[in-house]
Amino acid sequence: MTPAKPSDTAGTDMAARLVDTLRHRVGKDERAAKPHDWYTAAVLTVRDEIIDRWMESTRRTYAESGKRVYYLSLEFLIGRLLRDALNNLDLTGELARALAANGMDLSHLEELEPDAALGNGGLGRLAACFMESLASLDIPAYGYGIRYVNGMFRQRIDDGNQVELPETWLSHGNPWEFDRRESAYRVGFGGEVVAVNPAGGDTVVWTPAEQVEASAVDTPVVGWRGKRVNTLRLWTAHALDPIRLDAFNAGDHVGALEGEARAASLVRVLYPADSHKAGQELRLRQEYFFSAASIQDIVRRHMQYVGDIRTLPDKAAIQLNDTHPAVAVAELVRLLVDVHALGFDEALDITRRTVAYTNHTLLPEALESWPLPLFERLLPRHMQIIYAINARALREARAKGMDDAAISAISLIDEGGERRVRMANLAFAGAHSVNGVAALHTELMKQTVFRDLNALYPDKINNKTNGVTPRRWLMQCNPGLTGVIKDAIGPAFLDDVEKLEELNAMAGDAALGERVAEVKRANKVALSAQIADLVGVRVDPDALFDVQIKRIHEYKRQLLNLIETVALYDQIRSHPERDWVPRVKIFGGKAAASYHNAKLVIKLANDIARRVNSDPGVGELLKVVFVPNYNVTLAERIIPAADLSEQISTAGMEASGTGNMKFALNGALTIGTLDGANIEIMERVGEENIVIFGMTADEVAAKRAGGYDPRAVIEGSPELAQAVRSIASGVFSPDDKDRYKGLMGGLYDSDWFMVAADFDAYAAAQRDVDARWRDRAGWREAAIRNVANVGWFSSDRTIGEYARDIWGVL
Ligand SMILES: *Cc1c(COP(=O)(O)O)cnc(C)c1O
């Protein structure tokens, strides 16, 4: 590979550099090069521009010797990187011209980049937005995670059913990444812990039974205007001994490679554990593997450049994205005690001052815990450390006079039935800050899961409402709208997205409304073409595009939307003469492979689509589309084309949501419950510019406590009863009439997610949406007011708050 030399990249023009890269680094002649060769050459050419800034950023960080932020996350849902880099370096036009000079089209080549789909959904996308904002705010930061060779899974829809296929994003290599085999650490599992000098103190040695090598693969993360380039460091795994030659030579060719295969299995797939139990030993191994490698790397860097382990909290802020890296608490204490020979209390104090934890869910089934025997077998030394942290927490609780119920809620060990290690309690006890991700969520954290821990450590819980990066979620995904805004208020919002507020002064301006509507229509035309391509359904770009794209989960209530779709279908057929607003209902999202009801919801969406789309009685008035393999790239296409954003979770169950923010930023109106960040969106866009319906979190809790009778509710709502009965009786599944009997039966019997309780309010809200849509000028003004008032949901604002309040940088 030709190293990039700043001196010769600065002067020559991009077209010459591109061709030079194609020849000397891709090894192709212009005449023989295929589009993928040009794509690779384009990435490498842009990467050269990044590398110089990357090195400069690193030098500056070392010179300033400031504090670094370390973001530990099992997921980084980063999507494609080329457009991100071009936009942030302002090189889009230059590269497009250079490619055009060679007969290549940039937007065509962009389609060749695979999505780096290293996440389930919102939590992983948040980590990606945060990395971009950290660089944009010029904060020195590393993201740490796992380089999953096959991501989570690629979703195919076969006859309406989700089929999971491996994601093969690395099959053509990855020109963005740098293999850092020199940055490698050993990570051990199992074995035993022995006291080496029982007479002289409590020195212990953990001798793992197994070890793997974690080695770093780095991807540069470019901030806005190229201010700073940070590092996303993803770990891959190797056997210490890649091949056992003795075995190989003795003829055992497969057995000789077993160690490497075992190591590789650690970094194969991401568990789809989003709010759903994985509970697999391999998952715990992944969590420890990446936490241990990251903590070793952080401590190594600190010792190399600072030298005194006691100053770690002044130089490092470690943020745990959910409990997946919570074992990092025990790992850091272990290194401080066993390797750096500090006393336990001092080690715990240093750890606490360094580590902070973000909670993402209150769903009991999603709060991570591990069977104690498994944890002890895999991580015997960490188990001892967790007991020691626990002993201190329980002692403090008793000293505060807390009762037995509070003490057992605080305990890091769940003693009820099968003993389990509670990762959230470990993270809480080991961190100085515990934050929720929206105001309501943080409040509920204090009242529910962490009530007693909050009483014990009252200063830890704080709120940091999530955000999304406006570079990807406005400028890149919606250049048309960005251009219109620039013409309206000037370019200052590009550097400070809260300046979008200046649009408020002209929100009622007819000419602006017209231009915003033209952009929306163009985006809808483009999406319509893609929908025709993907699922073979023709949709009318002038219809209302009503979108629900997110992980498929019962609490997100795609089922509520689908039942209302059926009710609407029934209404249209009964009263075809009425003035219906033509709608396209767009769904997308993956279900965890083991989540039966979520997969059934996907099947139901496809069954409804098949029937509705082929019914000449409804024609263009209603279309239903399930877009396969929802990912970041699809989100970038769909969101700019949405008129209505469905954010309809059972109140109290969606921690924040970030999809809601992206839609509003692109001028969609929200139909939603008072849940997560929807509440804060409402406060900012104004109640008249959002459609809110349904029970509040308090009302949901009260109803659950006070004998909710869903059967009575269903029977009391003719529209709901008819829709549920038609689904249950097989109207949409003539090939298997009983397919949805169980799903609908669940609504009658328990309806934990309160679909029936909120149905009438939701249906009425949808008719309210219709009425608003008919008032074209009113709709456009509301759309502009959404764009104008959601700049606050920029991840720059969120990261600014973390930086000041939690990390002590900035
Ligand atoms: C933003 C985003 C999410 C999160 O969506 P929610 O509606 O907040 O659940 C999930 N997946 C992708 C690809 C996203 O871009």
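Residues numbered from 1 in each chain as written. Predicted model: local features only at pLDDT ≥ 70, side-chain atom pairs only at ≥ 80, totals over all residues. Heavy atoms only, no water.

Colleague: Any chance you could explain empty space enclosed by the protein here in plain terms?
Modeller: Gaps left between atoms show up when a probe the size of a water molecule is rolled over them. The final tally for this structure, using the stated rule, is eight cavities of 30 Å³ or more. As a volume, the second largest cavity reaches approximately 200 Å³. Those elements giving two or more residues to the lining of the second largest cavity turn out to be helix H4 (82-89), helix H7 (122-136) and strand S10 (210-222). The residue makeup of the lining of the second largest cavity, split by class, is 11 nonpolar, two polar and four charged. (1 Å grid on protein atoms, 1.4 Å probe; cavity = no way out; pocket = protein on both sides within 12 Å on 5 of 7 lines; lining within 4 Å. Points joined across faces, edges and corners; volume = space filled by probe spheres on them. Helix = DSSP H or I, 4+ residues; strand = E, 2+ residues; numbered from the N terminus. Nonpolar A, V, L, I, M, F, W, Y, C, P; charged D, E, K, R; others polar.)

Colleague: Whenever I open this one, the site of the ligand confuses me. Can you help?
Modeller: The immediate surroundings of the ligand are formed by 14 residues, with Lys550, Lys556, Thr658, Gly659 and Lys662 found nearest. Contact distances for the ligand include 2.7 Å between an oxygen atom and a side-chain N or O atom of Lys550. Lys556 places a side-chain nitrogen or oxygen 2.8 Å from an oxygen atom of the ligand. Notes on the ligand: free accessible area 390 Å², of which the protein chains cover 96%. At the level of secondary structure, the elements contributing two or more residues to the shell around the ligand comprise H7, helix H25 (632-638) and helix H26 (659-665). Considering only residue class, the shell around the ligand consists of four nonpolar, six polar and four charged. (Near = heavy atom within 4 Å. Polar contact = N/O pair within 3.5 Å; in protein donor to acceptor, adjacent residues only side chain to side chain. Areas by Shrake-Rupley, 256 points an atom, 1.4 Å probe, with all protein chains shown as cover.)

Colleague: When you look at the side chain of Asn425 in this model, what are you seeing that I'm missing?
Modeller: Looking at where Asn425 falls in the secondary structure, it is placed in helix H17 (residues 423-430). Its relative accessible area of 7% is what places Asn425 among the buried residues. With sequence-adjacent residues up to four places away left out, Asn425 is seen in contact with Ala409, Ile410, Ser411, Leu412 and Leu453. (Buried < 20%, exposed > 50% of the residue type's maximum accessible area, 1.4 Å probe, protein only. Contact = heavy atoms within 4.5 Å.)

Colleague: For this particular structure, what's the right way to read the packing of aromatic side chains?
Modeller: For any pair of aromatic rings, the description consists of the separation of the ring centres together with the inter-plane angle of the planes. Under the criterion given, the structure shown has 19 aromatic pairs. Residues Phe130 and Tyr802 carry aromatic rings whose centres are separated by 5.4 Å and whose planes lie at 70 degrees to one another, so their mutual orientation is edge-to-face. Highlighted residues: Phe130 in helix H7 and Tyr802 in helix H34 (residues 795-807), separated in sequence by 672 residues. Each member of the pair, Phe130 as well as Tyr802, carries the same accessibility label: buried. The aromatic ring of Phe189 is capped on one face by Arg285, whose charged end is 4.9 Å from the ring centroid. (Phe/Tyr/Trp six-rings, centres within 6.5 Å; stacked < 30°, edge-to-face > 60°. Lys NZ or Arg CZ within 6 Å of the ring centre and 35° of its normal.)

Colleague: Can you walk me through helix H2 (residues 14-26) in this structure?
Modeller: Spacing of three or four residues puts side chains on the same side of an α-helix, whose turn is 3.6 residues. Of all the residues in H2, the buried ones are Met14, Arg17, Leu18, Val19, Thr21, Leu22 and Arg25. Of the residues flanking the end of H2, it is Gly27, one or two places downstream, whose phi is positive at about 80 degrees.

Colleague: Explanation requested: the pattern of salt bridges in the structure shown.
Modeller: Oppositely charged side chains can form a pair if their charged atoms are brought close together. Scanning all chains against the criterion turns up 66 salt bridges. Taking the shortest distance from any N to any O, the salt bridge between Arg420 and Glu418 comes out at 2.8 Å. Under the relative-accessibility criterion, Arg420 is labelled buried at 18%. The exposure class assigned to Glu418 is partly exposed, which follows from its relative accessible area of 47%. When salt bridges that share partners are traced, they join Asp546, Glu564, Arg583, Lys585, Glu646, Arg767 and Asp770 into one network. (Salt bridge = Lys/Arg side-chain N within 4 Å of Asp/Glu carboxyl O.)

Colleague: Would you take a moment to explain the side chain of Arg228 for this structure?
Modeller: By the element assignment, Arg228 lies in the loop between S10 and strand S11 (229-239). For Arg228, the side chain forms a polar contact with the side chain of Thr61, separated by 3.1 Å. Side-chain polar atoms of Arg228 contact the side chain of Asp138, separated by 2.8 Å. Among residues more than four places away in sequence, those in contact with Arg228 are Ser57, Arg60, Thr61, Ala135, Asp138, Ile139, Pro140, Val221, Val222 and Gly223.

Colleague: What exactly am I supposed to notice about the packing of helix H9 (residues 258-266) against helix H10 (residues 281-305) here?
Modeller: The relative placement of two packed helices comes down to the angle between their axes together with the axis-to-axis distance. For the pair H9 and H10, interaxial distance at closest approach is 9 Å and the crossing angle is 85 degrees. As judged from the angle between their axes, H9 and H10 are roughly perpendicular. Together, Arg262, Ser265 and Leu266 of H9 and Leu282, Arg285, Gln286 and Phe289 of H10 make up the contact between the two elements. Considering only residue class, the contact of H9 with H10 consists of three nonpolar, two polar and two charged. (Axes fitted to C-alpha atoms, helices over the stretch in contact; angles between N-to-C directions. Parallel < 35°, antiparallel > 145°, perpendicular 65-115°, else oblique.)

Colleague: Would you mind going over the state of the cysteines with me for this structure?
Modeller: Covalent bonding between the sulfur atoms of two cysteines is what defines a disulfide. In total, this model carries zero disulfides according to the counting rule given. Not part of a disulfide, Cys477 finds its nearest cysteine sulfur in Cys129, a span of 11 Å. (Disulfide = S-S within 2.5 Å.)

Colleague: What exactly am I supposed to notice about the sheet that holds strand S19 (residues 544-549) here?
Modeller: Think of a sheet as strands paired side by side through backbone hydrogen bonds, with each pair either parallel or antiparallel. Taken in spatial order, the six strands make up an open sheet running S21-S20-S19-S22-S23-S24, and their pairing is parallel. The open sheet has two edge strands, strand S21 (622-627) and strand S24 (691-692), and neither has a second partner. Bridging between S19 and strand S20 (residues 583-588) involves six bridges; their strand directions are parallel. Bridged to Val547 within S20 is Ile586. Each of S19, S20, strand S22 (644-647), strand S23 (669-672) and S24 is contacted by helix H32 (residues 755-774), which is oriented at about 125 degrees to S20, the strand it contacts most. (Pairing = 2+ DSSP bridges.)

Colleague: How do you make sense of the UniProt feature "modified residue: N6-(pyridoxal phosphate)lysine" (unreviewed entry) in the chain when you look at a structure like this?
Modeller: UniProt records the feature "modified residue: N6-(pyridoxal phosphate)lysine" (unreviewed entry) for Lys662 in the present numbering. Mapped onto the elements, Lys662 comes out in helix H26. In this view, Lys662 contacts Arg125, Val468, Trp473 and Ile639; residues no more than four positions away in its chain are not counted. (UniProt positions renumbered as here; feature names shortened; annotations may be inferred.)

Colleague: Could you clarify how one ought to interpret the sheet that holds strand S14 (residues 369-371) in this entry?
Modeller: Overall, antiparallel pairing links the three strands, which are arranged S14-S16-S15 in an open sheet. A single partner strand is all that each edge strand has here, and the edge strands are S14 and strand S15 (413-414). Pairing of S14 with strand S16 (residues 420-422), which is carried by three bridges, proceeds in the antiparallel orientation. Each residue of the ladder has a partner; that of Pro371, found in S16, is Arg420.

Colleague: Which parts of the structure should I look at to understand the environment of Ala96?
Modeller: Its location among the elements puts Ala96 in helix H5 (residues 92-100). For Ala96, a relative accessible area of 27% gives the class partly exposed. Through-space distance from the C-alpha of Ala96 to that of Ser107 is 8.3 Å; in sequence the pair is 11 residues apart.

Colleague: Teacher, can you tell me more about the nonpolar core here?
Modeller: Within the largest apolar cluster, 215 residues are counted, with the highest numbers of intra-cluster contacts made by Phe289, Phe375, Ile563 and Trp807. Those residues in contact with Phe289, other than ones at most four positions away along the chain, are Ile146, Val187, Phe189, Val212, Glu213, Ala214, Trp235, Thr236, Ala237, Leu266 and Val267. Among the nonpolar cores identified, the runner-up in size contains 58 residues, and Ala438, Phe493, Ala507 and Ile531 belong to it. (Core = buried A, V, L, I, M, F, W, Y, C linked by side-chain atoms within 4.5 Å.)

Colleague: Help me understand unusual backbone geometry, please; the structure alone is not making it clear to me.
Modeller: Leaving glycine aside, a negative phi is the common case for residues, and trans is the common case for peptide bonds. For Asp90, which is not glycine, the phi torsion reads 55 degrees and is therefore positive. What makes Asp90 exposed here is its relative accessible area of 64%. The phi dihedral of Asp159 is positive, around 50 degrees, even though this residue is not glycine. Take Asp159: it is sitting in the loop between strand S5 (154-158) and strand S6 (161-165). Asp159 gets classed as exposed once you look at its relative accessible area, which sits at 58%.

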